[in-house]
Amino acid sequence: MRIKQTVRHVKRAVALVSCMVFLGVFTIASGPLWAQEKEIKDQDIVTAIEIELWDDPAVASNPINVEANDGIIILSGTSNNILAKERAEKIAEATVGVRSVVNRIDVQPTTRRSNYELLSAVRGALLADPATESYEVQVKANNGIVTLTGTVDSWQEKELCEIVAKGVKGVRDVKNKINVEIKVHRSDNEIRQEIKKRLANDVRVDDAMIDVEVKNEEVILSGVVGSAQEKTQAQIDAWIGGVDNVKTDDLEVQWWARDKMRRTALYESRTDEEIKEAIKDAFVYDPRVYSFNVDVNVANGVVVLSGIVDNLKAKIAAERDANNTTGVHYVRNNIKVRPKIVPPDRELENRVSSAFLENPYIDRFDLMISASNGVVYLSGQVNTSWEKTLANNVAEGVRGAVAVVNNVKYEHEWVWKPDPQLRQDVEDQLWWSPFVDSDDINVSVNNGIVTLSGTAETYTERQTAEDNAYQGGAKEVVNNLRVSHPYHSPYDHRMFNAPYYYGP
């Protein structure tokens, strides 16, 4: 019997035991016997990750090695840019059974730049970004390694600077030595209560199984989460004003914890006022949004955002923050983008062109760019839908752009495979994804056309299952999945930035 079939039976048994744990029959500390056993073989995890790496258009998987030791993944080998290195790590984190990832991939850029060239490029990227341009950050470059120093007001601003630097072509690594100047000193109890509130408001995290302890401004997270990505997000949520350090050593990753029986509290209705307050709180910790006066109105879980920002990234970030909030059903983004200075069309076109040349993925494509009154129009040909989306994201980050119309084309070539093999490949894709509960989904195949039936918890899980079917090799997908609940969940992959979306 294959490991997949064995674990499915275990998952059903686990669901019953998990419910008992939730009710207090067992305790996490002692742990039931099955929680202490290795239920998914390391080699099966490695195989699943390698399949994802081979299928991913952003990662050259041939030079990357994947090893596993009791659910801890070690990545080694080489990649030609730092974004590919991080994408490989996030793909591993998003695989069922992975507890943590050690990333030892060595970045060897295909484009070698002198220290001065790289220094100028990173400085230019920080100055060109609407959020980081005002930060007091200094840059050094040595043999592809960029060091950032200076002072910012929050951990989120520090992380944003690092993300911007990593998007520059030729960067091998970023040493982030930026100092966070804590302007507020708060009691441990006040910090603890706000972190608990942030975890409860974040759809990417199940706060019911996470304990928060604060000692002398150091946060200690413990308990259980369902994936390595969820653990990372919980750590991010804990970085609030007044926090000096966040420790997650005692926050365990257990795949069984994603069972829907433990997630029911996330789908309980919230009042519109509670949702509005949660979104406003999220804006405070987003360096792209907090300086703008974005209005939030909520009616029956439907959010309408309005107001004025001076850059397109801020508008997009505000929508993402709203979508990440528990209880939100749908977001209508009516925010207007009005740059302080609208550049001439030719200048905006040159800015977008320069941004494309700095991106290690887009620079090789001959894309056509035109601009009219701040609206950027893209056309041309790329190889994959992912590259088309990335081009869109890069253009959105250019100062002066108020909207992007993406007419870039790509061709999808279907590779034939026998229907039984296609069905198996699709089922494997569904099972290894922590974003989909494959037990509730039935797969049938006829001449390359995959039909999905059964139930999905959320609309995004429904779409994710369809994406998985295409990743498994479907020529076409008929999605007949019924949605049992309209809200987002911690396993809606679009709620996470990487590996599905680069940029803050």
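Above: the structure in question.
Description of the structure in this document. What you see is a predicted model, and the numbers here were worked out from it, not measured in a lab.

## Notes on unusual backbone geometry
- Phi is positive for Asp70, close to 55 degrees, though the residue is something other than glycine.
- Phi at Asn447 is positive, roughly 55 degrees, even though this residue is not glycine.
- With respect to the helices and strands, Asn447 occurs in the loop between β20 (441–446) and β21 (449–456).

## Some points on helix α8 (residues 272–284)
- Here α8 is 13 residues long and its end C-alpha atoms lie 19 Å apart, about the 18 Å a rise of 1.5 Å per residue gives.
- Where α8 is concerned, the buried positions are Ile275, Ala278, Ile279 and Phe283. Projected down its long axis, α8 carries its buried residues within an arc of 145 degrees, all on one side. In α8, the exposed positions angled more than 90 degrees off the buried face are occupied by Glu273 and Val284.

## Quick notes on the nonpolar core
- The biggest cluster of nonpolar side chains holds 44 residues, and the ones touching the most others in it are Val303, Leu305, Val352, Phe356 and Leu378.
- Residues contacting Val303, with those up to four places away along its chain left out, are Ile275, Ile279, Val296, Asn297, Val298, Ala322, Val328, Tyr330, Val331 and Arg332.

## Re the packing of helix α10 (residues 345–358) against helix α11 (residues 385–396)
- Running from N to C, α10 and α11 cross one another at 125 degrees; their axes reach a closest spacing of 9 Å. Judged on the interaxial angle alone, α11 and α10 are oblique. You can see that α10 and α11 cross each other, and the crossing is right-handed. Mapping the contact onto sequence places Val352, Ala355 and Phe356 in α10 and Ala391, Val394 and Ala395 in α11.
- Residues belonging to the contact of α10 with α11 are distributed by class as follows: 6 nonpolar, no polar and no charged.

## Observations concerning the packing of aromatic side chains
- All chains considered together, the criterion is met by 3 aromatic pairs.
- A centroid spacing of 5.5 Å and a plane angle of 0 degrees characterise the contact between Trp155 and Trp239, whose relative ring orientation is stacked. Linking Trp155 in helix α5 (residues 155–166) with Trp239 in the loop between α7 (228–238) and β11 (245–253), this pair joins segments that are 84 residues apart in sequence.
- Take Trp155: its relative accessible area is 19%, and that puts it in the buried class.

## Focus on the pairing of strand β3 (residues 100–103)
- Alternating residues of β3 divide into Val101 and Asn103, all buried, and Ser100 and Val102, none buried.
- The pairing of strand β2 (residues 72–79) with β3 spans 4 bridges and is parallel. Looking at β3, one finds that Ile73 is bridged to Val101.
- In this view, the connection linking β2 to its parallel neighbour β3 by way of helix α3 (residues 82–93) has right-handed handedness.

## A look at the environment of Val405
- Here Val405 shows up in strand β19 (residues 403–410).
- What makes Val405 partly exposed here is its relative accessible area of 31%.
- C-alpha separation for the pair Val405 and Ser370, spaced 35 residues apart in sequence, amounts to 9.9 Å.
- Apart from the residues within four sequence positions on either side, Val405 is in contact with Val375, Val376, Tyr377 and Leu378.

## Here we look at the sheet that holds β19
- As summarised here, the arrangement of the 3 strands in space is β17-β18-β19, forming an open sheet in which the pairing is mixed. Among the strands making up the open sheet, the edge pair consists of β17 (368–372) and β19. For this sheet the average axis-to-axis angle between neighbouring strands, irrespective of direction, equals 10 degrees.
- Where β17 meets strand β18 (residues 375–382), 5 bridges bridge the pair, whose relative direction is antiparallel. Across the sheet, the residue bridging to Ser372 is Val375, located in β18.
- Each of β17 and β18 touches α10; the most contacted strand, β17, lies at about 145 degrees to it.

## Remarks on the pattern of salt bridges
- Following the criterion strictly, the structure yields 24 salt bridges and no others.
- In this structure, the salt-bridge partner of Asp56 is Arg87, at a minimum N-O distance of 2.6 Å. Residue Asp56 is found in the loop between α2 (42–55) and β1 (64–69), and its partner Arg87 is found in helix α3; the two are separated by 31 residues along the sequence. You'll find Asp56 and Arg87 in the same group, each marked buried.
- For Lys340, the salt bridge goes to Asp310, with nearest N and O atoms at 3.9 Å. Remark: Asp310 occurs in the loop between β14 (308–309) and α9 (312–323) and Lys340 occurs in the loop between β16 (336–337) and α10; sequence separation between them is 30 residues.
- Judged by relative accessible area, Asp310 falls into the buried class, the value being 16%.
- Within the structure, one salt-bridge network assembled from shared partners comprises Glu86, Glu162 and Lys166.

## Details of α7
- Within α7, 8 of the 11 residues are buried, which leaves it mostly tucked inside the rest of the structure.
- Taken together, the buried positions of α7 are occupied by Ala228, Gln229, Glu230, Lys231, Gln233, Ala234, Asp237 and Ala238.
- The elements touched by buried residues of α7 are α3, α6 (188–201), β9 (210–215), β10 (218–225) and β11.

## Some words on the packing of α6 against α7
- Closest axis-to-axis distance for the α6/α7 pair is 9 Å, and the angle between their directions is 140 degrees. Between α6 and α7, the crossing angle belongs to the class labelled oblique. Judged by the sense of rotation from one axis to the other, the crossing of α6 with α7 is right-handed. Together, Ile195, Arg198 and Leu199 of α6 and Ala234, Ile236, Asp237 and Ala238 of α7 make up the contact between the two elements.

What counts and what doesn't
- Residues numbered from 1 in each chain as written.
- Predicted model: local features only at pLDDT ≥ 70, side-chain atom pairs only at ≥ 80, totals over all residues.
- Heavy atoms only, no water.
- Helix = DSSP H or I, 4+ residues; strand = E, 2+ residues; numbered from the N terminus.
- Expected span 1.5 Å × (residues − 1).
- Buried < 20%, exposed > 50% of the residue type's maximum accessible area, 1.4 Å probe, protein only.
- Arc of directions from axis to C-beta.
- Core = buried A, V, L, I, M, F, W, Y, C linked by side-chain atoms within 4.5 Å.
- Contact = heavy atoms within 4.5 Å.
- Axes fitted to C-alpha atoms, helices over the stretch in contact; angles between N-to-C directions.
- Parallel < 35°, antiparallel > 145°, perpendicular 65-115°, else oblique.
- Left-handed = near helix turned anticlockwise from the far one by under 90°.
- Nonpolar A, V, L, I, M, F, W, Y, C, P; charged D, E, K, R; others polar.
- Phe/Tyr/Trp six-rings, centres within 6.5 Å; stacked < 30°, edge-to-face > 60°.
- Pairing = 2+ DSSP bridges.
- Right-handed = clockwise from strand over helix to strand, strands pointing away.
- Salt bridge = Lys/Arg side-chain N within 4 Å of Asp/Glu carboxyl O.

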